[in-house]
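Spelled out, the chains give:
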Amino acid sequence: MSYCDIYNMNKILSIETSCDETGIAIIDVLNMHIVSESLNSQIDVHKEYGGVFPMMAKREHGINLLPVYTEAITGLESFTYITDDSRIETLIEKAKKHLIRENDLCDIIVTALKNKSFPVADIDAICVTYGPGLEPALWVGISFAKFLSFVYDKPILPINHMKGHIYSTCYEVSKKVESPSLAVLLSGGHTEYVLMTSDTDFKKIGVTRDDAVGEAYDKVARILDLSYPGGPAISKIANDFRTHGANKSYNITLPRPMIHSNDYDMSFSGLKTAVLYLVRDLKKENMIIENDLLAEICFEFEEAVTETICKKIDKIMSEIGLDFKNVIAAGGVVANEYICAGIKKVCEKHGVNFMKPIKSLATDNAGMIGLAGAYMINNTDYKGFLIYADTKEFEDLKAIGNLSF
Ligand code: KG4
Ligand code: ZN
């Protein structure tokens, strides 16, 4: 019998607001299934600045969170609206107390309660990302989780965003991830190799010393006048170039920083700077960065990134004397099929199973946060991690921007 049956934990609601995606999902715990979800991307808001500004992200989460929540809840087969006047009055008081730092969200919630348009469903716990991420953005989700804890009279299960990426690979897979495994986390904020020796023991064994790989994609895209986020834009151009034979007529070569270093760390800022200088020099020669020349730069950049990541994974598999069961690739960058194919090849060489999330769960979303919570509920005696309203832990629950494992 699994722990979710023992404790009657059937459906959980999850919240993700760590960066520029506002997400809510409802998870069927036992089946690791996403029953309903809603996601609002702020990409268009941040696009013109080429990156995410924390205070702007916070404001957008505040405005969008209740509509996103409403869409997720009303997407369920069964839900109701809160209509009892005295309950509404109590909840308005709770909103004013616990959403004190979230004015926009508080106003929107109070209006919905007064209009009797605040929906609720059958939920057993609330999972929320508490880090790592942008603190002002994380706070919106945490404050909302605290408010929902009163609405549902249910506990909060705080979730590490990176564990969300890892367990997004367990979507509709109820069994345990065997240990030891290696998590390869590649996102806009993180690039790291994490040794997982049990469901609760995580150890970083290699990190980027500067830019994350997704960040490098985004910055290089800006240098090349491509759209934000840079990953999809660059990889599309690189892929087309590859499909058409990858004939390099400009002889573009870029460095693979730290590829031969005697550790598992990486560096992508030097690669980005190399693109910057290359583009500056080409422009000095009156070259226009478009068509084949642009494609060759994107291709060479992606080759450099892929080679570096794969070489380090190969080094880990060869040097660390462990019988690895899985390599779990996760984070927004694993939407990149070329990088994943490279990692898969290394796994095949070492006879290790390769796992990655389905495409819709690769970039930030609330489903992955709920799946991490559901995984924890199914596989560990998780009771000690639950946080109940009006306890010291509840008051102390806060955003941790640089949360590690
Ligand atoms: O995990 P994620 O959604 O957000 C963070 O937690 O950072 O990752 C977003 C990052 C962005 O930097 C984006 O450019 C990158 O993932 N990305 C990609 C691709 N799709 C998204 N990078 C390379 N190739 C892609 N196809
Ligand atoms: Zn992420």
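The structure displayed is predicted, hence computed values, not measured ones.

1. Considering the overall build of the chain
Move 1: Within the chain, the secondary structure is distributed over 14 helices and 12 strands.
Move 2: Since a compact globule built from 405 residues should have a radius of gyration of about 22 Å, the 22 Å found for the chain is in line with a globular shape.
Move 3: Considering the chain as a whole, with its 405 residues, one finds that 56% of them fall into the buried category.
Move 4: Here the analysis covers contacts within the chain between residues at least 6 apart in sequence; of these, 75% occur between residues at least 24 apart.
Move 5: With an accessible surface of roughly 17,400 Å², the chain has 49% of that area assigned to carbon and sulfur atoms.
Move 6: Across the chain, the centroid of the 41 positively charged side chains sits 3 Å from that of the 55 negatively charged ones.

2. Comments concerning the sheet that holds strand E7 (residues 156-160)
Move 1: Within the open sheet, the five strands sit side by side as E3-E2-E1-E6-E7. Their pairing is mixed. Each having just a single partner strand, strand E3 (33-41) and E7 make up the two edges of the open sheet. On average, adjacent strands in this sheet sit at an angle of 20° to one another, irrespective of strand direction.
Move 2: Judged from the four bridges that link them, strand E1 (residues 11-16) and strand E6 (residues 125-131) form a sheet pairing that is parallel. Within E6, the position partnered with serine 14 by the bridge is cysteine 127.
Move 3: Most of the contacts of helix H6 (residues 135-152) go to E6, to which it runs at about 160°, and overall it touches E1, strand E2 (21-28), E6 and E7.

3. Notes on the sheet that holds strand E11 (residues 326-330)
Move 1: Pairing is mixed across the open sheet formed by five strands, whose spatial order is E10-E9-E8-E11-E12. Both edges of this open sheet fall to strand E10 (202-207) and strand E12 (353-355), since each of them pairs with a single strand only. Within the sheet, the average angular offset between the axes of one strand and its neighbour, ignoring direction, is 20°.
Move 2: Here E11 runs beside E12; their pairing, made up of three bridges, is parallel. Its bridge partner being in E12, asparagine 326 is matched across the sheet by asparagine 353.
Move 3: The sheet strands contacting helix H12 (residues 337-350) are strand E8 (181-186), E11 and E12, and the helix crosses E12 at an angle near 160°.

4. Some thoughts on the nonpolar core
Move 1: In this structure, Leu182, Tyr193, Phe301, Ile309 and Ile343 are the most contacted members of the largest nonpolar core, which totals 53 residues.
Move 2: The biggest single contributor to this core is helix H11 (residues 291-319), with 12 residues.
Move 3: Setting aside anything within four residues of it in sequence, one finds isoleucine 343 in contact with Val184, Leu186, Ile309, Cys310, Ile313, Val327, Ala329 and Phe354.
Move 4: Core analysis: the next-biggest nonpolar cluster, separate from the first, contains 45 residues, Ile15, Ile123, Leu148 and Leu397 among them.

5. Some thoughts on the coordination of the zinc ion (ligand 2)
Move 1: At this site the zinc ion (ligand 2) is bound by His161 (NE2), His165 (NE2) and Asp364 (OD), with donor distances of 2.0 to 2.2 Å.
Move 2: Each donor residue of the zinc ion (ligand 2) lies on the same chain, and together they follow the pattern H-x3-H-x198-D. Here histidine 161 pairs with histidine 165, and both are found in helix H7 (residues 161-167), just four residues apart, close to one helical turn. Taken individually, histidine 161 and histidine 165 each receive the classification buried, so the pair is uniform in this respect.

6. A few points about the site of ligand 1
Move 1: Taken together, 20 residues lie near ligand 1, and Gly188, Asp218, Gly231, Gly332 and Asp364 sit nearest.
Move 2: In this structure, aspartate 218 approaches ligand 1 through a side-chain N or O atom, which is 2.7 Å from an oxygen atom.
Move 3: A molecule is said to occupy a pocket when more than half its atoms come within 2 Å of that pocket's grid points, and by this definition ligand 1 occupies the largest pocket.
Move 4: With four residues, the single largest contributor to the shell around ligand 1 is helix H9 (residues 230-243).
Move 5: Among the residues forming the shell around ligand 1, the class breakdown is five nonpolar, 13 polar and two charged.

7. Describing the environment of serine 117
Move 1: Positionally, serine 117 belongs in the loop between helix H5 (103-114) and strand E5 (119-120).
Move 2: When the C-alpha positions of serine 117 and cysteine 347 are compared, they lie 51 Å apart, and in sequence the two are 230 residues distant.
Move 3: Those residues in contact with serine 117, other than ones at most four positions away along the chain, are Tyr81 and Ala112.

8. Brief notes about the environment of aspartate 28
Move 1: Residue placement: aspartate 28 occurs in strand E2.
Move 2: In sequence terms aspartate 28 and leucine 322 are 294 residues apart; their C-alpha atoms lie 34 Å from each other.
Move 3: Discounting residues that sit within four places of it in the chain, aspartate 28 has contacts with Asn10, His33 and Val35.
Move 4: A distance of 2.8 Å separates a polar atom in the side chain of aspartate 28 from a polar atom in the side chain of asparagine 31.

9. Notes on the domain arrangement of the chain
Move 1: Its domain assignment divides the chain into domain 1 (6-167 + 362-396) and domain 2 (179-356).
Move 2: Placing the centre of domain 1 and that of domain 2 at their C-alpha centroids yields a distance of 32 Å.
Move 3: Contacts between the two partners involve 19 residues from domain 1 and, on the opposite side, 19 residues from domain 2.
Move 4: Summed over both sides, the interface between domain 1 and domain 2 buries roughly 1,500 Å², with carbon and sulfur atoms accounting for 71% of that surface.
Move 5: Counting every contact that joins domain 1 to domain 2 gives zero salt bridges.
Move 6: Where domain 1 meets domain 2, there are two residue pairs in polar contact (both at pLDDT 80 or more).
Move 7: Put simply, the parts of the chain that give the side of domain 1 that touches domain 2 at least two residues each are helix H2 (43-47), H7 and helix H13 (366-379).
Move 8: No other element matches the five residues that H7 contributes to the side of domain 1 that touches domain 2.
Move 9: Of the residues that constitute the side of domain 1 that touches domain 2, the class distribution is nine nonpolar, seven polar and three charged.

Conventions used here
- The residue numbering used here restarts from 1 in each chain and proceeds along that chain's sequence as written.
- Written order determines the labels here, with chains lettered from A and ligands numbered from 1.
- Where totals are concerned, whole chains, interfaces and linings use all residues; where local detail is concerned, this predicted model gives features only for residues with pLDDT of at least 70, and gives and counts side-chain atom pairs only at 80 or more.
- Each side-chain value is worked out from all heavy atoms of the structure, with water and hydrogens disregarded.
- Secondary structure elements follow DSSP: runs of H or I no shorter than four residues count as helices, runs of E no shorter than two count as strands, and numbering proceeds from the N terminus.
- For this measure, only C-alpha atoms enter the radius of gyration; the expected value for a globule follows 2.2 Å times N^0.38, where N is the number of residues.
- Buried residues are those whose accessible area, probed at 1.4 Å on protein chains only, stays under 20% of the maximum for their type, while exposed residues exceed 50% and partly exposed ones sit between those limits.
- When checking whether two residues touch, look at their non-hydrogen atoms; a contact exists if any pair is within 4.5 Å.
- For every accessible area listed, the method is Shrake-Rupley and the probe measures 1.4 Å; residues are considered covered only by the protein chains on display.
- Here Asp and Glu are counted as negative and Lys and Arg as positive; His is not counted, and neither are the chain ends.
- Every charge is mapped onto a representative atom, which is NZ of Lys, CZ of Arg, CG of Asp or CD of Glu.
- When DSSP locates at least two bridges between a pair of strands, those strands are taken to pair.
- Interaxial angles span 0 to 180 degrees and are taken between N-to-C directions of axes, which are lines fitted to C-alpha atoms, for helices over the stretch in contact.
- By nonpolar core we mean a set of buried residues, namely Ala, Val, Leu, Ile, Met, Phe, Trp, Tyr and Cys, connected to one another through side-chain atoms within 4.5 Å.
- Because water is not among the atoms used, a metal site may look incomplete, as its donors are only the N, O and S atoms within 2.8 Å, or 3.2 Å for Na, K and Ca.
- Note on definitions. A residue lies near a molecule or strand when any single heavy atom of the residue is within 4 Å of it.
- Two N or O atoms form a polar contact when they lie within 3.5 Å of each other; inside protein one atom must be a possible hydrogen donor and the other a possible acceptor, and for residues adjacent in sequence the pair counts only when both atoms belong to side chains.
- With a 1 Å grid laid over protein atoms only, a set of points is called a cavity when a 1.4 Å probe fits there but cannot get out and a pocket when it is open yet has protein on both sides within 12 Å along at least five of seven lines; lining residues have an atom within 4 Å of a point.
- The rule for placing a molecule in a cavity or pocket is simple: more than half of its atoms must lie within 2 Å of the grid points.
- In this classification, Asp, Glu, Lys and Arg are treated as charged, Ala, Val, Leu, Ile, Met, Phe, Trp, Tyr, Cys and Pro as nonpolar, and every other residue, Gly included, as polar.
- Domains are outlined according to an automatic or database domain assignment.
- When two parts are brought into contact, each loses some accessible area as probed by a 1.4 Å sphere; the total of that loss over both is the buried area.
- A carboxyl oxygen of Asp or Glu within 4 Å of a side-chain nitrogen of Lys or Arg is what we treat as a salt bridge.

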